[in-house]
Amino acid sequence: MANPTTTRTAADGAQRADESVDSSSGSAGPARRRRPSSLKRTWWGYLLLIAVGLVFLIPLYMLLSTSFKTNGDIYSWPMKWLPSELTFDNMREAWRIAPFGAFIKNSVIVTVIGATLKVVLAVFAAYAFAFLPFPGKKWLFVVMLGALMVPGHVTLLVNYITMGNMGLINTYAGLILPGVASAFGTFLLRQHFMSLPAEVFEAAEVDGCGHLRRLVSFTLPMSIPAVATVALVAVIDEWNNFVWPLIITNSVNMRTLPIGLMYLKSNDGLTNWGVLMSGTLIVVLPMLFVFLCAQRYIVSGLTGAAAGNGR
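Thresholds applied
Residues numbered from 1 in each chain as written. Predicted model: local features only at pLDDT ≥ 70, side-chain atom pairs only at ≥ 80, totals over all residues. Heavy atoms only, no water. Helix = DSSP H or I, 4+ residues; strand = E, 2+ residues; numbered from the N terminus. Contact = heavy atoms within 4.5 Å. Areas by Shrake-Rupley, 256 points an atom, 1.4 Å probe, with all protein chains shown as cover. Core = buried A, V, L, I, M, F, W, Y, C linked by side-chain atoms within 4.5 Å. Buried < 20%, exposed > 50% of the residue type's maximum accessible area, 1.4 Å probe, protein only. Axes fitted to C-alpha atoms, helices over the stretch in contact; angles between N-to-C directions. Parallel < 35°, antiparallel > 145°, perpendicular 65-115°, else oblique. Nonpolar A, V, L, I, M, F, W, Y, C, P; charged D, E, K, R; others polar. Phe/Tyr/Trp six-rings, centres within 6.5 Å; stacked < 30°, edge-to-face > 60°. Left-handed = near helix turned anticlockwise from the far one by under 90°. Salt bridge = Lys/Arg side-chain N within 4 Å of Asp/Glu carboxyl O. Expected span 1.5 Å × (residues − 1). Patch = residues over 30% accessible without salt bridge, like charges linked within 9 Å, V, L, I, M, F, W, Y side chains within 5 Å.

Visitor: Looking at this model, I keep getting lost on the overall build of the chain. Mind explaining?
Guide: Counting its regular elements, the chain contains 14 helices and zero strands. Across the chain, contacts joining residues at least 24 apart in sequence account for 72% of those joining residues at least 6 apart. Summed over all atoms, the accessible surface of the chain reaches about 18800 Å², with 69% contributed by carbon and sulfur.

Spelled out as C-alpha cells, the structure:
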C-alpha cells in the first residue's frame, strides 16, 4: 500500500510543476507578442538612419559623378545618375586652368605645420590648466573660454597689421602663425585630462616623475582619442580656411586650395560644371579620407572630455 504522505508530496510537486509551466508559458506569451513591436521600432530606426545618410551621401555622389561626366550627360534632362562614359577631361582641364600643384603644396604645408602647432600648444596649455597650480588659473581659463565666443573675423585686421609689421605678408609664416592658438582644443583636452584617474599621477609623483615625464608617459597615452579629435578639427580647419589666406597672400603661387577653387571658378565661369566639380573633388577628397580614418576617435574623445570632474 502506498504511503499517504509520499503520495501527497508527489501530488504537491506535480501541482507546483504545472503552475511553473503555466506561469512560464504565460510570461512567454506577452514577450512573443511584444517582439514584433520591438522589431518594428528597430526597422523604423534603420529607415531613419538610411534617410539621413542619403541626405549626406547624395551630394557627394553627385560631386563624384559630375566630375567624370561629359557635358552632354551633365546638361541632359532627365538627369542621368550614371555617366554614359567616364572621362578624365574635366580633371585635366581643371589642372590646366589653375595651378593645382602649387595649391596642393601650399595647403599641405600650412595644414601639417599649422595643425601640429595647434595640437602641441593645446596639449601643453591643457596640461597646465589641469594639473599645474599657478596664480589666477581660474580667471585665465575663463578668459580663454571667452575667446570661443569671439568670431575669428574680429581679429583679421589686427592680425594683418601685425603680420605686415613683421614682414610676413605672402609667406608661410604669415599664413600659419595667427591661427596656432586653439581655445577649443585647449578646453577639450583640459576637460579630458581632468577625467583621468588621479591615482596614476600620484604614483608617478611618488616615483619622482616630473611634469614633462608625466605628460609624455602617462597623460598622452591615456588621451589618444581626445588628442586625435583635436588634431582632426585642427586639420579640417586649416585645410578649409579661406578668408585669412585670401587676405594675407597676394600671389597665385602662395594661394591654398579653397582660394584655388575660387580662382578656377572665376577663370572658367559657371558654365563648365564638370571642370568646377573636378576642382572641388580635389579639395574634398583628402579631408574625406582623413575623416574616415579618424572618425572612430571622435565620439570617445568628445565623451571623455565631457567626463571632466572639475578638479
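Moving on from the coordinates now.
Visitor: Is there a simple way to explain the nonpolar core in this structure?
Guide: Side chains of nonpolar character tend, in soluble globular proteins, to be buried together. Formed by 20 residues in total, the largest nonpolar core has its most connected members in Phe100, Leu257 and Leu264. When residues of this core are traced back to their parent elements, those giving at least two are α3 (89-97), α4 (100-131), α11 (224-240), α13 (257-268) and α14 (273-306). Ranked by residues supplied to this core, first place goes to α14 with seven residues. Sequence-distant contacts of Leu257, defined by excluding residues within four places in its chain, comprise Phe100, Phe103, Ile104, Ser107, Trp239, Ile282 and Val283. Among the nonpolar cores identified, the runner-up in size contains 17 residues, and Ala126, Ala130, Leu189 and Met194 belong to it.

Visitor: I'm lost on the packing of α4 against helix α10 (residues 211-219) in this one. Help?
Guide: Between two packed helices, what matters for the description is the angle formed by their axes and the separation of those axes. Put simply, α4 and α10 touch, their axes get as near as 12 Å, and they point 105° apart. When the interaxial angle is binned, α4 and α10 end up roughly perpendicular. Every residue of α10 that contacts α4 at Val123, Phe124, Tyr127 and Phe131 is listed here: His211, Leu212, Arg214, Leu215 and Thr219. Among the residues forming the contact of α4 with α10, the class breakdown is six nonpolar, two polar and one charged.

Visitor: Sorry, what's going on with the side chain of Glu238 here?
Guide: With respect to the helices and strands, Glu238 occurs in helix α11. Judged by its relative accessible area of 9%, Glu238 falls in the buried class. If we skip the residues at most four places from it in the chain, Glu238 touches Val110, Thr111, Gly114, Ala115, Lys118 and Gly179.

Visitor: Would you explain the side chain of Lys118 in this entry?
Guide: The topology assignment puts Lys118 in helix α4. We classify Lys118 as buried; its relative accessible area is 8%. Discounting chain neighbours no more than four positions away, the residues touching Lys118 are Gly179, Val180, Ser182, Ala234, Asp237 and Glu238.

Visitor: So what exactly am I meant to see when it comes to unusual backbone geometry here?
Guide: Of note in this structure, Asn170 is not a glycine but carries a positive phi near 60°. Mapped onto the elements, Asn170 comes out in the loop between α6 (156-165) and α7 (172-176).

Visitor: It is not clear to me how the packing of aromatic side chains should be interpreted in this structure. Could you clarify?
Guide: One pair of aromatic rings is described through two measures. These are the centre distance and the angle between the planes. Going through the model one piece at a time under the given rule, you end up with eleven aromatic pairs. Pairing Phe103 with Tyr263 gives two aromatic rings, centres 6.2 Å apart and planes at 75°, and the pair type is edge-to-face. One end of the pair, Phe103, is in helix α4; the other, Tyr263, is in helix α13, and 160 residues separate them in sequence. Judged by its relative accessible area of 0%, Phe103 falls in the buried class. For the ring pair Phe129 and Phe141, a centre distance of 5.4 Å and an interplane angle of 65° mean the geometry is edge-to-face. Taken together, the positions of Phe129 in helix α4 and Phe141 in helix α5 (residues 137-147) put the pair twelve residues apart, joining distant regions of the chain.

Visitor: Whenever I open this one, the packing of α5 against helix α8 (residues 183-194) confuses me. Can you help?
Guide: In contact at an axis separation of 8 Å, α5 and α8 are set at 130° when each is read in the N-to-C sense. Compared by their axis directions, α5 and α8 come out oblique. Every pair of crossing elements has a handedness; the one defined by α5 and α8 is left-handed. Within the contact between the two elements, α5 uses Phe141, Met144, Leu145 and Ala147 and α8 uses Ala183, Thr186, Phe187, Arg190 and Gln191. A per-class count over the contact of α5 with α8 returns six nonpolar, two polar and one charged.

Visitor: What's the story with the pattern of salt bridges in this structure? I'm lost.
Guide: Think of it this way: side chains of opposite charge can pair up when their charged atoms draw near. Applying the stated criterion across every chain yields a total of four salt bridges. The partner of Arg92 in a salt bridge is Asp89, and the shortest N-O contact between them spans 2.4 Å. One end of the pair is Arg92 and the other is Asp89, both in helix α3 and three residues apart, which spans about a single turn. Owing to a relative accessible area of 52%, Arg92 belongs among the exposed residues under this scheme.

Visitor: What's the story with α8 in this structure? I'm lost.
Guide: Along an α-helix, residues three or four positions apart point the same way, because every turn accommodates 3.6 residues. Helix length check: α8 (twelve residues) gives 16 Å between terminal C-alpha atoms against 16 Å at 1.5 Å per residue, within 8%. Looking only at α8, the buried set comprises Ala183, Gly185, Thr186, Leu188, Leu189, Arg190, Gln191, His192, Phe193 and Met194.

Visitor: Explanation requested: a nonpolar patch on the surface in the structure shown.
Guide: Residues Trp44, Leu47, Ile50, Leu54, Ile58, Trp77, Met79, Trp81 and Leu82 make up a contiguous nonpolar surface patch of about 1100 Å² in total accessible area. You can see Ile50 is positioned in helix α1 (residues 4-67).

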